[in-house]
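# Structural description and commentary
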Amino acid sequence: MTIYFVAGEASADNHAAALMCSLRELDADLHFIGRGGPQMRKIAGGQFKNWIDDAAVLGLWEVIRKYGYFRGQFHETLNEIHESKPDAIVLIDYPGFNLRLARALRKQSPRQKIIYYISPQVWAWNRGRIKKMARLLDLMLCIFPFEADLYNKSGLRAVFVGHPMIERLRARKIDTERDRNLIGLFPGSRMREVRKILPVMLESVSELQKQNRNMRFEVAAASEELAREMREMLTRHGQGQQGIQIKVGETAALMQRAFAGIVASGSATLEAAYFRLPFVLIYKVAWPTYLAARLVVSVKYLGMPNVLADREVVPEFIQHRARPDAIVKAVRRLIEQTDARNRMISEFDRIVGKLGEGGASDQAARAIIEEIGAKSI
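Residues numbered from 1 in each chain as written. Predicted model: local features only at pLDDT ≥ 70, side-chain atom pairs only at ≥ 80, totals over all residues. Heavy atoms only, no water.

### A short note on the overall build of the protein
Note the following rule: Helix numbers and strand numbers start at the N terminus; a helix is a DSSP run of H or I with at least 4 residues, a strand a run of E with at least 2. As defined in this context, the radius of gyration uses C-alpha atoms, and a globule is described by 2.2 Å times the residue total to the power 0.38. Think of it in three bands: with a 1.4 Å probe and only protein chains considered, a residue is buried below 20% of the maximum accessible area for its type, exposed above 50%, and partly exposed in between. Only heavy atoms matter for contacts: two residues are in contact if any of them lie within 4.5 Å across the pair. Methods summary: accessible areas were calculated by the Shrake-Rupley approach with a probe of 1.4 Å, and residue burial reflects only the protein chains presented. Positive charge is attributed to Lys and Arg, negative charge to Asp and Glu, and no charge count is given to His or to the chain ends. Where a charge sits is defined by one atom per residue type, namely NZ (Lys), CZ (Arg), CG (Asp) or CD (Glu).
The helix and strand inventory of the protein stands at 19 helices and 13 strands. For the protein, whose C-alpha radius of gyration is 21 Å, the value lies close to the compact-globule estimate of 21 Å for 377 residues. Out of the 377 residues belonging to the protein, those deemed buried represent 51%. Within the protein, contacts between residues at least 6 apart in sequence are counted, and of these 70% link residues at least 24 apart. Accessible area of the protein: about 17800 Å², with a carbon and sulfur share of 48%. A distance of 5 Å separates the average location of the 56 positive side-chain charges in the protein from that of its 42 negative side-chain charges.

Structure follows, in structure tokens:
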């Protein structure tokens, strides 16, 4: 039995690799093909294409600039699926590419099984697309409970499997105490994000250091390449940054050691909530990208902890509101006011409780096997 996977970002590569492992536990003879990242390729083998470095783009203009590349990859993917005739296609997040692919596949092979894992956030930017998605997809595997309710009401069969983050982060818990003088900085995992967001963080750090000379800062870097860029940015920023260290691959540990954090919007906000790290959220993108997003995004909050709570549990500082003076004030409140810290941590308990008990990959694997009609194992 063959399953064709499509994932286009590093986080999706990790989630899909965990899903592949769970599928193999159910059926050791499963054959995986498609395109994704290095973790998926390790499991699937040499035929699997690692395209993450080219496929993971951020922002409208970067997509437009690489239009020729994506057009070629799109048709190549369609041809591969047509020739291999897989028993099912599993699309992982990456909606700009994957939803278009689902539409083309439905025309090309009307009876092809198409399963989506980790829903695109259409509930944030275009709920009207859900009924169209119901005609394209056989099953949606959701990582947030409200998504499954929304899709099922709209005619798209959906199952809540839990958030795959839970099992990954549970394995990274450490026995440590928080350092009252340590602030964690989490500027994102993409170069473009870091270049936009870290300078705002560094300006905030300068002001915090003036107010408390004992305060230290650690920056989480997802890779050595990002760490090199961060070091150059620290040098360009000038004096007053002696209290900053860059830590590569230590995000989970830093979230458990720091007393408070400044976190870029993205998956790291849920990770910080899981580790009960009081934090403020910031985000900046190119102005054309921001203005284009404002035209289509219809949710009140950007951070997933706030979306899940349906209120601003974590202060959000977006685009022109990401000013050092406002950020510093919010961070100091979390450091100095015990009641504010405890309220946020208590809300994190409720938010994380909505994400399931773990085992998302196993539940998703069972749902996929059932959907493609394999015999129970």
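### A look at helix H14 (residues 267–274)
Most of H14 is tucked away: 7 of the 8 residues are buried. If you check which residues of H14 are buried, you get Ala268, Thr269, Leu270, Glu271, Ala272, Ala273 and Tyr274. Here the buried face of H14 lies against helix H10 (165–170), helix H13 (251–257), strand S11 (258–264), strand S12 (279–283), helix H16 (304–309) and helix H18 (338–353). Arg276 sits one or two residues past H14 and shows a positive phi near 55°.

### A look at the sheet that holds strand S5 (residues 114–117)
Just so we agree on the cut-off: Two strands are said to pair when DSSP picks up at least two bridges between them.
With parallel pairing, the 7 strands of this open sheet are ordered in space as S3-S2-S1-S4-S5-S6-S7. The open sheet is flanked by strand S3 (49–50) and strand S7 (158–160), the only strands paired with a single partner. The pairing of S5 with strand S6 (residues 139–142) spans 3 bridges and is classified as parallel. Looking at the pairing, Tyr116 lines up with Met140 of S6.

### Let's talk about the sheet that holds strand S9 (residues 216–221)
Using the following cut-off: Geometry is summarised by axes, namely lines fitted to C-alpha atoms with helices restricted to the contacting stretch, and by angles between N-to-C directions that run from 0 to 180 degrees.
With parallel pairing, 6 strands are arranged side by side in an open sheet as S10-S9-S8-S11-S12-S13. Two strands in the sheet have a free side with no partner beyond their single neighbour: strand S10 (244–248) and strand S13 (316–318). Across this sheet, the average inter-strand angle for adjacent strands is 20°, counted without regard to direction. Bridge count between S12 and S13: 3 bridges; the pairing is parallel. Within the sheet, the bridge partner assigned to Leu281 lies in S13 and is Glu316. In this fold helix H11 (residues 191–211) packs onto strand S8 (179–186), S9, S10, S11 and S12, with an angle of close to 135° to the strand it touches most, S12.

### Thoughts on the side chain of Glu316
Threshold: The working definition used for a salt bridge is a side-chain nitrogen of Lys or Arg within 4 Å of a carboxyl oxygen of Asp or Glu. As used in this structure description, the phrase polar contact means that two N or O atoms lie within 3.5 Å; if the pair is within protein, one of them must be able to donate a hydrogen and the other to accept it, and residues adjacent in sequence are counted only when both atoms belong to side chains.
Position of Glu316 relative to the elements: it lies in strand S13. Summary of buried charges: Glu316 has no salt-bridge partner, and the nearest side chain of opposite charge, Arg321, is 8.5 Å away. Of note is the side chain of Glu316, whose polar atom sits 3.1 Å from the backbone nitrogen of Leu302. In this structure, Glu316 is in contact with Leu281, Tyr301, Leu302, Gly303 and Asn306, ignoring residues within four places of it in sequence.

### Notes on H18
Cut-off, in case you're wondering: One less than the number of residues in a helix, times 1.5 Å, gives the span that helix is expected to have. The reported arc concerns the directions from the helix axis to the C-beta atoms and nothing else.
Spanning 16 residues, H18 covers 23 Å between terminal C-alpha atoms, matching the ideal 22 Å at 1.5 Å per step. When H18 is considered as a whole, its buried residues turn out to be Ala340, Arg341, Met344, Glu347, Phe348, Ile351 and Val352. Projection of H18 onto a plane perpendicular to its axis shows the buried side chains occupying an angular sector of 135°, all on one side. Seen from the buried face of H18, the exposed residues on the opposite side, beyond 90 degrees, are Thr338, Asp339 and Gly353. Against the buried residues of H18 lie H10, S11, H14, S12, H16 and helix H17 (324–336).

### Quick look at the pairing of S11
In terms of burial, S11 is largely enclosed, as 7 of its 7 residues are buried. Judged from the 5 bridges that link them, S8 and S11 form a sheet pairing that is parallel. When the bridges of S11 are listed, Ile183 appears paired with Ala260. The pairing of S11 with S12 spans 4 bridges and is parallel. Each residue of the ladder has a partner; that of Ala264, found in S12, is Ile282.

### Remarks on the nonpolar core
Condition: Nonpolar cores were defined as sets of buried Ala, Val, Leu, Ile, Met, Phe, Trp, Tyr and Cys residues, with membership established by side-chain atoms within 4.5 Å.
Counting residues in each nonpolar core, the largest one holds 105 residues, and the members touching the most others are Phe5, Leu19, Leu23, Ile92 and Tyr117. Sort the elements by how many residues they give to this core and H11 lands first, with 9 residues. Setting aside residues no more than four positions away along its own chain, Leu19 makes contact with Phe5, Val90, Ile92, Tyr117, Ser361, Ala364, Ala365 and Ile368. Grouped together as the second largest cluster of nonpolar side chains are 33 residues, Tyr4, Trp51, Met140 and Ala148 included.

What is shown is where atoms sit, not what they do.
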